[in-house]
Amino acid sequence: MSDDAVLRELADGERLRVRVAGREFVIDAACPHRKGRLVHGYVNTRTLRIICPLHRSSFDLTTGCPVAGPTTEALTVYSDGPADGEDAPRKGRTER
Ligand code: FES
């Protein structure tokens, strides 16, 4: 994990809060590939991507889209603002 990112699983165990670069994202806690726990992943603070610790799929935190690695499925991004301003869940599109 980057020194500048803080990752914490929410109480439901289904979602992960990522605080990085002055922003907060709430995303799926499990990687869509083989359910790797993203709380143990690496966050690139410059590109705002999270990398799964199991097989190194990389996801854009702002869209949930996979950008590298073995998965083609996107993460759900539940919110990308203040913790009290949760938006409706959405799925990102796969970038090719
Ligand atoms: S479980 Fe995340 S890339 Fe395989």
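Predicted model, so just to flag it, every value in this text is computed and none were measured.

1. Let's talk about the packing of aromatic side chains
Within this structure, the stated rule accounts for zero aromatic pairs. The ring of Tyr-78 carries the charged tip of Arg-15 above its face, separated from the ring centre by 5.8 Å.

2. Some points on the nonpolar core
Formed by 19 residues in total, the largest nonpolar core has its most connected members in Leu-16, Val-18, Ile-27 and Ile-50. Contributing elements (two or more residues each) for this core: β2 (15–20) and β3 (23–28). Per-element tally for this core: the top contributor is β2, with three residues. Among all residues touching Ile-27, those that are not within four sequence positions of it are Glu-14, Arg-15, Leu-16, Val-18, Leu-38, Ile-50, Leu-61, Leu-75, Thr-76, Val-77 and Tyr-78.

3. A word on unusual backbone geometry
Phi at Lys-35 takes a positive value of approximately 65°, unusual for a residue other than glycine. Phi is positive for Arg-56, close to 70°, though the residue is something other than glycine. Examined against the element boundaries, Arg-56 turns out to sit in the loop between β5 (49–51) and β6 (58–60).

4. Considerations on the sheet that holds β6
Judged by pairing direction, the sheet is antiparallel, and its four strands sit side by side in the order β4-β5-β6-β7 without closing on themselves. The sheet is open, and its two borders are formed by β4 (42–44) and β7 (66–68), each paired with just one other strand. When strand polarity is set aside, the average angle formed by the axes of neighbouring strands in this sheet is 30°. The pairing of β5 with β6 spans three bridges and is classified as antiparallel. If you follow Ile-51 over to β6, its bridge partner there is Ser-58.

5. Here we look at the pattern of salt bridges
When charged atoms on two side chains of opposite charge get close, those side chains can pair. Considering all chains together, one arrives at three salt bridges under this definition. Between Arg-37 and Glu-9 there is a salt bridge, with the nearest N and O atoms lying 3.1 Å from each other. Linking Arg-37 in the loop between β3 and β4 with Glu-9 in strand β1 (residues 6–9), this pair joins segments that are 28 residues apart in sequence. Across the pair Asp-12 and Arg-15 runs a salt bridge whose closest N-O atoms are separated by 2.8 Å.

6. Comments concerning the pairing of β2
Extensive coverage of β2 is indicated by the burial of five of its six residues. When β1 meets β2, the two strands line up antiparallel, connected through four bridges. Across the sheet, residue Arg-8 finds its bridge partner in β2, namely Arg-17. Where β1 hands over to β2, the hairpin turn is made up of five residues, of which Gly-13 adopts a positive phi near 75°. Taken together, the six bridges between β2 and β3 define a ladder with antiparallel strand orientation. Residue Val-20 lies in a different strand from β3, and its bridge partner there is Arg-23.

What counts, and at which threshold
Residues numbered from 1 in each chain as written. Predicted model: local features only at pLDDT ≥ 70, side-chain atom pairs only at ≥ 80, totals over all residues. Heavy atoms only, no water. Phe/Tyr/Trp six-rings, centres within 6.5 Å; stacked < 30°, edge-to-face > 60°. Lys NZ or Arg CZ within 6 Å of the ring centre and 35° of its normal. Core = buried A, V, L, I, M, F, W, Y, C linked by side-chain atoms within 4.5 Å. Buried < 20%, exposed > 50% of the residue type's maximum accessible area, 1.4 Å probe, protein only. Helix = DSSP H or I, 4+ residues; strand = E, 2+ residues; numbered from the N terminus. Contact = heavy atoms within 4.5 Å. Pairing = 2+ DSSP bridges. Axes fitted to C-alpha atoms, helices over the stretch in contact; angles between N-to-C directions. Salt bridge = Lys/Arg side-chain N within 4 Å of Asp/Glu carboxyl O.

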